[in-house]
Every structure is written in C-alpha cells, then in structure tokens.
Amino acid sequence: MKGMKVTLSWIYLALIYLFILGPMFFVLAASFNTETSFPAAFEGVTLRWYARIWDHQEFLSSAWTSTLVALVSSAVAVLAAFLAAYAISRGNKRENAWLSATLAAPLLVPQVVMSLGMLQLASLAGMGTGFWWLVAVHAVHNIPFALRLTLTGFARFDFALEDAATSLGAGRWTAWREVTIPVLQSSIVAGFTFCFIMSFVNLPISLFLADTATTTLPVVMYSYIESRIDPMLAAVSAILFVLACAITLVLDNVFRIRLVD
Amino acid sequence: MPDLKLTNITKRFDKSVAVDDLSLSIEHGEFVCLLGPSGCGKTTTLRMIAGFETANSGTIELDGMDITRLPPQKRDIGLVFQSYALFPHKTAAENVGFGLKMRKLPRADIDSQVKKALDLVRLGHVAERYPRQMSGGQQQRVALARALAIRPRLLLMDEPLSNLDAKLRDDMREEIRRIQKEVGITAIFVTHDQAEALALADRIAVMSEGRLMQIADPTSIYESPANATVDQFIGQVNALQGSIANVEGHIAHVAIAGGRYISGLDRQIPAGTPVLAMVKHERVFLSRLQPAAGENIFPCQVEGRTYLGASIVYRCNLGDQAMTAAVPNHPAFEQFQPGEAAFLHWASADCRIFRQ
Amino acid sequence: MGVTSLLLLPSLLMIFVFLGLPLVVIFMQSLQDNVLLQFTPPGIENYKYLLTRPYYFDVLVRTLRLSLLTTFFAIPLGYLAAMAMPVLKGRLANMAIMALTFPILAGPLVVILGWMALLPDSGPLFGPLVRAGLIRPPRILGSETAIVISQIQFVLPFAILTLYTALRQIPHALYEAAASNGAGGLQSFLHVTLPLSLPGVLSTTIIVFSLAASSFIAPHYLGGASDLTLTTLITNFVLGTFNSPLAATSSILLLVMMLAAMFMFVKLFGRFIRP
C-alpha cells in the first residue's frame, strides 16, 4: 500500500516535470539540428546556428543592454526590498494587510498594464522612454520577488546579533556591515540573481518602454520571430536556458540557497 | 557609591506599562538577579540598562554618570543573550575580539586579550572554531568571554542558561559565579527560574507586573518575603484566606473558614482586616499522633500523595480548607497513604500574614 | 521602531511612483476621446464601446475563460505534485525544487518556442500519429487549447512552489495525531491536510489566475489570429493602431476583471478557511 503510493508519486512527478521541462528540450534539440527550418524533424548535429549568432550584431548588443538594465534594476530592487524586509522583520509587525497588498501589487498588476501606464506617463510629461524608464519598471516589478527571498533570510535571522554588535561598541551602520549583511549574504545574492534573470528575459516591459538605443535581447528576439523562426533563435534560447540552469545550480552549490524553508 | 542606580524608571509600550516607577541601586562587584514571571518587565529593565530601550521617565546612572539617553554602543556594558547571539560567520576568537576591533585596538593587543578572555572561560582550544562547530555550553562560554573582553563596567545576562539542559545548567551556574568573582565585575542576571536566582545571587530583585516587589539577599527573600506576591512566587506555598481576630504580643491570630484559628507572625494589622496567611509546603508537618502542644495543630485527611524522590508531597483536607505538606523522603519521617487520618501542624514563626 | 519603519519608504515610494501613478494616468487616459470615438472628455464612451461590441466583449470573456481554465487545471495538478514531492529526499529534492525555476528563469519566449516546436500537426507529438493515420490532424497550435496548455505549464512551477511551502507548514505531529485517532489516509487528508492548506491554496489561486490573465506571449504566439486576449488587445492598440485611450480602457477592464476574480476566490475559499 505504502510502496504503491510512493511509486505513484514518482510516476506523477516524472510526468509533471516532463510537462514543465519537456518543451525546452525540444528547443535545445532544434538548436543543434542541421535542418534550416523550425520546427523540423531531427536531421543531424551541427553547431553552425550558434556560430551564426555572432553574425547578428543586434543579438549581441541587445544582450549587453539587457545585462545593463538587469544589473541596475536588480541592484535597486534588492536594495529597496532588503530595507523593506528589514523593517518588516525587525518591526515584528502584526500582519498589515494594506502593506503586504501594496508590496505584492507589482506581482499582480499585469506587466503590459504597468508598462502602458509608464508609457502614457512619459508622453504626458513630454518625455521619451529609455534606459532609466526600463530600469524603474523592471525594478518595481522585481520588488516582490526580492522581498520574498530576503524575508526568508530574515525569518532565520536572530536580531539579537545586532544588539550584540551594538553592545560591543558597533554603531548602526557598522553592525549592518559587520553582522547583518554578511549573515544574510546568501539571501541577498539569491534575490539579486533571481531579479537579474527575471529582468534579463523580460519581454512585455521592454517591448513598450525600450527606445532604439536600449533594445533588449527579448525585444530583438520578439521582432526576429515576427519575421521568421529558424534554429538560430533556438540556439539563442538554448543559451538562455542553459544559463538559467547553470546559475540556479551554482546558487544551490555555492550559496546553499533554499527556495522553500 | 552605588555602581548602577535606577531612579523612578517607567517604560510604556503603546498602552501597556512594562516597567512602572522602578528604583534600584546596585553596589560595585554585586551579583543581582532580576527574578519574575515572563512579562513582569525584567527583560525590558535589562534592555533599558543596556540602552536598547529608552525609558519614558526616570534616570539610569552608571558610576555616577547619567547614561539614560546614551546609545548602547557607548555604554561599555557587556551583554550575554539567551540565544547567545554569537556571530555565525566569525570564529570564537573573532567573536570575542569584535568589541576590541570596534574600539580600534592594535592587532597584537586584540590577540592577547582575546586569548586571556578565552582562557578565563577555559576555551583556549576552540579559538578557531565557528559557533555551529561548538556545543551549547561552549557557545555560552564564548558569549560570556565576548561580553567580558571589552572590560565592561557592567555585565548583563538575559536568561543565559535557559537553552542548556539541566546538568549543564548547574555547571554553568558555578562557572558564571566563579568568573564574575574572578573578574570582580558588577553583574545583573535576568531569570524566571527561582532556583537559579537563589543559587547565584548576592541579592534578588523580585519583579511583578512592572514593579519591584522586593530586593534582598536570597535567605531574606525566601524566609521573610515582603509581600504575598513574593511569597507566592518563591517556593511552594499554602495561602489561607481569613481575617485578623486578635493579636497577642508578636503573634497574630487569624480566623479562617470553618471557625478555625491559626496563628502567625504579627505585622501590626488591625483586627478585622482580611488577610492571607502563608506557610511554605516544607514547613508544614504531618504526623499520625497528635502533637502534645503548640499552635496550628489541625486534624486532617490525606487525599493525595505525589512522590518526588527527595520529598513526598501530601494533599490534605482540613474540612473547609485544603493544604499541602512536603515531607522529606527520609526514614526519620512518617509516610502516609491517601485516605489516612493525620495531624497537620506548623510553627507560628513559619506563618506569615499579609493584607489581602 | 519609528526609524525602522522609514526603511519601508524606498519600496513604497517606488511602487507609488512607478506603479500607482501610471495606473492613475491609465485611468485618466481611458476617459479621453480618440481617433475612433469623438466625444467631450472625460467620458465613459470608450468603456461603452468595448463592452457593447461583441468582438471586444468576446476578448474579455475569452481572457476570463482561459485564465479560469488555467487555474482550474493548475491548482489540482500543482497540489498533487506538492503532495508527491516528499518522496524525493535530500539533494534530489533540492534539485527538483531548483528545476522548477528553469522555465521561469529561461523566460517565456524560450518556453513558447518549445511549444511551437512540439504542437504542430507535423511535430514530434502528433506527427507520428497523424502520419500513421491513427488520428486526424488535431490543429492544436493556433487554438485556445494551445494557449491553456502552455499557460498551465508556465504557472505550474509557481503553483507547486507555493503549495509545497504551504503543505510543509502543517506540523507532522498533526498527521500522527490524526492516525492515532484512527484516521486513514483519505480521512487524514480531508480533515487535516486540506483544511490547513486552504489559505495556501487561496493565495496560489490568486497568483496563478493573475499570471494567466497577465500572460501575453502565450496568446500572442500560440493562439490564432482571432484568439485575442486583453493583453494582446492592449498590445495591438499600443503597437498596432496607436490608440492610447482604448489601450488604457482595455487595461482598466483587465484590472477590474482580475480584482473581481480575486474577490470571488476570497469569498469562495474564505467560507471554508478557519481563522
């Protein structure tokens, strides 16, 4: 009876993971396919689609733009979220429904709507959108994720550590630098990494708010797909997928990040 | 001159009063326990002395200097926390040296003082270990060494033994007392455990609902509590309700339910006043034969028996009153079974009378 | 305490300025006249227009239908997965949790590309069956079914992660208590697991529904040309016809629909949640 339950659980989980991850393996496979169309039956192995990415300058330059936007917006999001998480955890507040609703709002409002609002705000102010607009909306959109991860860190943080540092002569900022931040390092790194990737692969916000100078990689992919889909796009996607997997595994091994406690 | 002086300290949180008009002074080199049930304000008092909370009114003086509004990092007060609060990312030596580093001492001085502090708590050999590589007792001693390394003017300890198991707790108790004497530092120790307070303290300050009930040496606290609250909190006590009938010399007679009279030490309470008469469990004797003479002799029925090893506790029924007697588990003392008839008696000197 | 609360300011300020303010602007815009509709602003003509044209009204209904269907499938699928997770132990368990984030982190475009490779009638899923004559070409790609399938796949990791956390918060002793009182597996599930996980199910439902209703890439690529949802409609108004007021109006309709759905979920589950 118990054995059967375990076997069924294994089978079910295998199916679920197949469903969740399966489609991406077809992208991986297609990126190595010698066939020039997408989708296509598998013909043979080649690396030429990866080589071809280098011929498309717009992919490389937009990847750099994406990196910049992601770096700045994640730094902002994590900083804001860390401060908020500190206030929530240290204040030991009773569940404040309005506060948690406000802090979760960026997760619940569709990104398309958020970006449309910023677009209209910009035109109302007679300004063009661009790098900093992207950064702002990416950062706001990422605050709930960063907050979630830093709050998990604070849940295991003993605030007596700060009191101990203070009683030993450390000022508020020194206590943060010497104790709070180092102890919570892994949550901060995890928060930053997740925000970085979420921002790097984000399409809807960038689609609305990017100007010609700040076209991000997903926007370039989007406009590429509008005209044609070929295995080169699969190669770009495969790189993104492998990077995502690699970064997650590094987080697991080096920083022992736990998504659930 | 007292080392630490608290004058009329009051602390409110929102609407509740955590500490109410508390005054307390502690002499140099003294070991004082703040004792009371949880929520009595003892931890808040400690945190105000340490500087983590600011009193709404009143002053705190240390060595004659007003420190009421001084930030905690400038107070030079060593603190030992219930959770130890050792920095998990620093070794034992780095933990102990933290306060010295904050004081910007030269490297060599830090090293030698860290070594001295670790030797004091007999942990020189774990200097390079991280907290999670040490046992609870070791962590506790590193925390103590860390608090002492800054040569504080005062050592505060907040329930430092409550996370240790019973045997270790007894050892650490001795250890803390030894170190405190060796260093000659004034110490305040917060606890809710009366045995801990009785064993450790030069003086015990009993707190209840934010107020200081009594401060005295352990014997006085136990044998001559200042009021019913202290009496009830320290040790196990029988409390009998009644009213003063008359007074003869040092002895007051109290009328209790069932038309009985008991006698206890007079406190100059006028006749007719409702009072509580208190006798500790172990001061109540139980015997089969009626004692030949004396006060407070009542026939009773043994109703319950609890075997505690070192003593046996009997619940007895006097008709309208229930009383408990704790009898040493020793061949010199009689033993009883539930249902037996017996006589309860106690000396008037062991019975204290308080206004209700 | 007072000083510490100030640390909330940066986040709140960012949310008010970059989310609250834009929402106000959207609402104002939705009351403006435009190339399609002439009236003296402010007015609610845009709302009347979108809600009375069957074509646009269908977009609203379709968005609601697709999001509800996604939620309806994703919650039980995710709940079962979260319940099955404990069979994985140690490193494998942690790997499994990590793997859930792969599609989220690889980005929706990558995932959609996968479905575009998988779902065609000639693709690896149906191709062999169609060629063997076992089934007729199912024409999944370009249909609402394709959208729902990919949306379920997209929201499942979120659902499993939050439900797994909710289930883990139930103390193990409660199951032992239930078993010692004679409860079997099913009874223990009905009387312990289900009621205690309901708050988690409610928040997961809200998250999953909003993710589905917000999803823009799945309907854009996997749906047919006529399978517009509110998000793709907004995009068309913005990038296609440059009609800002109608884009704003559609946005407000989307937000109102989401709020109404959330309110409904809270009412629905709230009746069963014990304080």
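The structure presented is a predicted model; accordingly, all values stated were derived computationally and were not measured.

Conventions used here
Residues numbered from 1 in each chain as written. Chains lettered and ligands numbered in written order. Predicted model: local features only at pLDDT ≥ 70, side-chain atom pairs only at ≥ 80, totals over all residues. Heavy atoms only, no water. Helix = DSSP H or I, 4+ residues; strand = E, 2+ residues; numbered from the N terminus. Buried < 20%, exposed > 50% of the residue type's maximum accessible area, 1.4 Å probe, protein only. Contact = heavy atoms within 4.5 Å. Areas by Shrake-Rupley, 256 points an atom, 1.4 Å probe, with all protein chains shown as cover. Lys, Arg positive; Asp, Glu negative; His and termini not counted. Charge placed at Lys NZ, Arg CZ, Asp CG, Glu CD. Buried area = accessible area lost by both parts, 1.4 Å probe. Salt bridge = Lys/Arg side-chain N within 4 Å of Asp/Glu carboxyl O. Polar contact = N/O pair within 3.5 Å; in protein donor to acceptor, adjacent residues only side chain to side chain. Nonpolar A, V, L, I, M, F, W, Y, C, P; charged D, E, K, R; others polar. Expected span 1.5 Å × (residues − 1). Bend = angle between axes of the 7 residues up to and from the residue. Core = buried A, V, L, I, M, F, W, Y, C linked by side-chain atoms within 4.5 Å. Pairing = 2+ DSSP bridges. Axes fitted to C-alpha atoms, helices over the stretch in contact; angles between N-to-C directions. Patch = residues over 30% accessible without salt bridge, like charges linked within 9 Å, V, L, I, M, F, W, Y side chains within 5 Å. Parallel < 35°, antiparallel > 145°, perpendicular 65-115°, else oblique. Left-handed = near helix turned anticlockwise from the far one by under 90°.

Looking at the overall build of chain C
Right, on to step 1. Each helix and strand in chain C was counted, giving 13 helices and zero strands.
Right, on to step 2. Taking the principal axes of its C-alpha atoms as reference, chain C extends roughly 70 × 70 × 35 Å.
Right, on to step 3. Here chain C holds 275 residues, and the buried ones make up 54% of them.
Right, on to step 4. Expressed as a percentage of contacts within chain C between residues at least 6 apart in sequence, the contacts between residues at least 24 apart total 68%.
Right, on to step 5. For chain C, the exposed surface amounts to about 12,600 Å²; the carbon and sulfur share of it is 72%.
Right, on to step 6. Of the side-chain charges in chain C, 13 are positive and 7 negative, and the distance between the mean point of each set is 11 Å.

Regarding the overall build of chain B
Right, on to step 1. Counting secondary structure elements, chain B contains eight helices and 20 strands.
Right, on to step 2. When the backbone C-alpha atoms are referred to their principal axes, chain B occupies close to 75 × 45 × 35 Å.
Right, on to step 3. Here chain B, with 356 residues, has 51% of them falling under the buried criterion.
Right, on to step 4. By sequence separation, contacts in chain B at least 24 residues apart represent 67% of the contacts at least 6 residues apart.

Points about the interface of chain B and chain A
Right, on to step 1. Residue-level contacts link 21 residues of chain B with 19 residues of chain A.
Right, on to step 2. For the pair chain B and chain A, the summed buried area comes to about 1,600 Å², and 67% of that belongs to carbon and sulfur atoms.
Right, on to step 3. Across the pair Asp163 of chain A and Arg47 of chain B runs a salt bridge whose closest N-O atoms are separated by 3.2 Å.
Right, on to step 4. Put simply, chain B and chain A have six residue pairs in polar contact (both at pLDDT 80 or more) between them.
Right, on to step 5. Within the residue set of the side of chain B that touches chain A, elements represented by two or more residues are strand E6 (77–80) and helix H2 (92–102) of chain B.
Right, on to step 6. Of the residues forming the side of chain B that touches chain A, the biggest block, four residues, is contributed by H2 of chain B.
Right, on to step 7. The residue makeup of the side of chain B that touches chain A, split by class, is twelve nonpolar, four polar and five charged.

Description of the pattern of salt bridges
Residues and elements named next belong to chain B.
Right, on to step 1. Throughout the structure, instances matching the rule amount to 30 salt bridges over all chains.
Right, on to step 2. Among the ionic pairs, Glu30 bridges to Arg203, the shortest N-O distance being 2.4 Å. With Glu30 in the loop between strand E2 (16–26) and strand E3 (31–35) and Arg203 in strand E9 (residues 203–208), this pair connects stretches of sequence that are 173 residues apart.
Right, on to step 3. Here Glu30 falls in the buried class, since its relative accessible area comes to 11%.
Right, on to step 4. One salt bridge connects Asp171 with Lys167, and the closest N-O pair in it is separated by 3.4 Å. In this pair, Asp171 and Lys167 are both assigned in helix H5 (residues 166–183), four residues apart and thus about one turn of the helix distant.

Let's talk about helix H8 (residues 144–168) of chain C
Residues and elements named next belong to chain C.
Right, on to step 1. Here H8 spans 35 Å end to end across 25 residues, near enough to the 36 Å set by a 1.5 Å rise per residue.
Right, on to step 2. Val155 marks where H8 bends most, by close to 35°; the proline Pro157 follows one to four residues later.
Right, on to step 3. When you tally the buried positions in H8, you get 18 out of 25 residues, the bulk of the element.
Right, on to step 4. Capping the start of H8 is the job of one residue whose side-chain oxygen sits 3.2 Å from the backbone nitrogen of Thr145: Ser143.

So, unusual backbone geometry
All names here are of chain B.
Right, on to step 1. Positive phi is not limited to glycine here, since Asn8 has a value of about 50°.
Right, on to step 2. With respect to the element layout, Asn8 can be found in strand E1 (residues 4–13).
Right, on to step 3. Residues other than glycine seldom take positive phi values, yet Asp21 does so here, at roughly 50°.
Right, on to step 4. We classify Asp21 as partly exposed; its relative accessible area is 42%.

Describing the side chain of Ser214 of chain C
Right, on to step 1. Residue placement: Ser214 of chain C occurs in helix H10 (residues 185–214).
Right, on to step 2. Other than its neighbours up to four places away in sequence, Ser214 of chain C contacts Leu108 and Pro110 of chain A together with Thr231 and Met258 of chain C.

Here's the deal with the nonpolar core
Right, on to step 1. Counting 224 residues, the largest nonpolar core has Phe59 of chain A, Leu4 and Leu156 of chain B together with Ile234 of chain C as its most contacted members.
Right, on to step 2. Judged by nonpolar contacts, the second largest core, of 47 residues, contains Val80, Leu123, Met134 and Ile234 of chain B.

Considerations on the sheet that holds strand E10 (residues 211–216) of chain B
Residue and element names in this part refer to chain B.
Right, on to step 1. Within the open sheet, the six strands sit side by side as E6-E7-E8-E3-E9-E10. Their pairing is mixed. Strands at the two margins of the open sheet, each flanked by one partner only, are E6 and E10. Within the sheet, the average angular offset between the axes of one strand and its neighbour, ignoring direction, is 20°.
Right, on to step 2. Direction of pairing for E3 relative to E9: parallel, over a ladder of four bridges. Note on E9: the bridge partner recorded for Leu34 is Ala205.
Right, on to step 3. H5 rests against E3, strand E7 (154–158) and strand E8 (187–191) of the sheet, and its axis sits at about 140° to E3.

Notes on the sheet that holds strand E16 (residues 297–307) of chain B
All names here are of chain B.
Right, on to step 1. Taken in spatial order, the five strands line up as E15-E19-E16-E17-E18 in an open sheet, and their pairing is antiparallel. Only two strands of the sheet have a single neighbouring strand rather than two, namely strand E15 (285–287) and strand E18 (322–328). Between one strand axis and the next, the sheet turns by 45° as a mean value, whatever way the strands run.

Remarks on the interface of chain C and chain A
Right, on to step 1. Between chain C and chain A, the residue contacts involve 87 residues of the former and 82 residues of the latter.
Right, on to step 2. Summed over both sides, the interface between chain C and chain A buries roughly 7,400 Å², with carbon and sulfur atoms accounting for 82% of that surface.
Right, on to step 3. On the chain C side of the interface with chain A, the three residues burying the most area are Phe102, Leu105 and Leu113 of chain C, jointly 10% of the side's total.
Right, on to step 4. On the surface where chain C and chain A come into contact, there are zero salt bridges.

Some points on a nonpolar patch on the surface
All names here are of chain C.
Right, on to step 1. A grouping of Val3, Leu6, Leu9, Leu13, Phe16, Val17, Leu21, Val24, Phe27 and Met28 is seen on the molecular surface, where their side chains present a nonpolar patch of about 940 Å² in accessible area.
Right, on to step 2. The biggest single contributor to the nonpolar patch is helix H2 (residues 9–30), with eight residues.
Right, on to step 3. Take Phe27: its relative accessible area is 40%, and that puts it in the partly exposed class.

Topic: the environment of Tyr79 of chain C
Residue and element names in this part refer to chain C.
Right, on to step 1. You can see Tyr79 is positioned in helix H4 (residues 54–84).
Right, on to step 2. Residue classification places Tyr79 among the buried positions, given a relative accessible area of 8%.
Right, on to step 3. Taking the C-alpha atoms as reference points, Tyr79 and Tyr164, 85 residues apart in sequence, are found 7.7 Å from one another.
Right, on to step 4. Setting aside chain neighbours within four positions, we find Tyr79 in contact with Leu163, Leu167, Phe189, Thr193, Leu194, Ser197 and Val201.

Re the packing of helix H3 (residues 107–120) of chain B against helix H4 (residues 136–149) of chain B
Residue and element names in this part refer to chain B.
Right, on to step 1. Two elements in contact, H3 and H4, have axes separated by 9 Å at closest approach and are oriented at 135°. When the axes of H3 and H4 are compared, the pair comes out oblique. In this structure, H3 meets H4 at a crossing whose hand is right-handed. Between H3, through Gln113, Ala117, Leu118 and Leu120, and H4, the contact on the second element is made entirely by Ala145, Leu148 and Ala149.
Right, on to step 2. Residues belonging to the contact of H3 with H4 are distributed by class as follows: six nonpolar, one polar and no charged.

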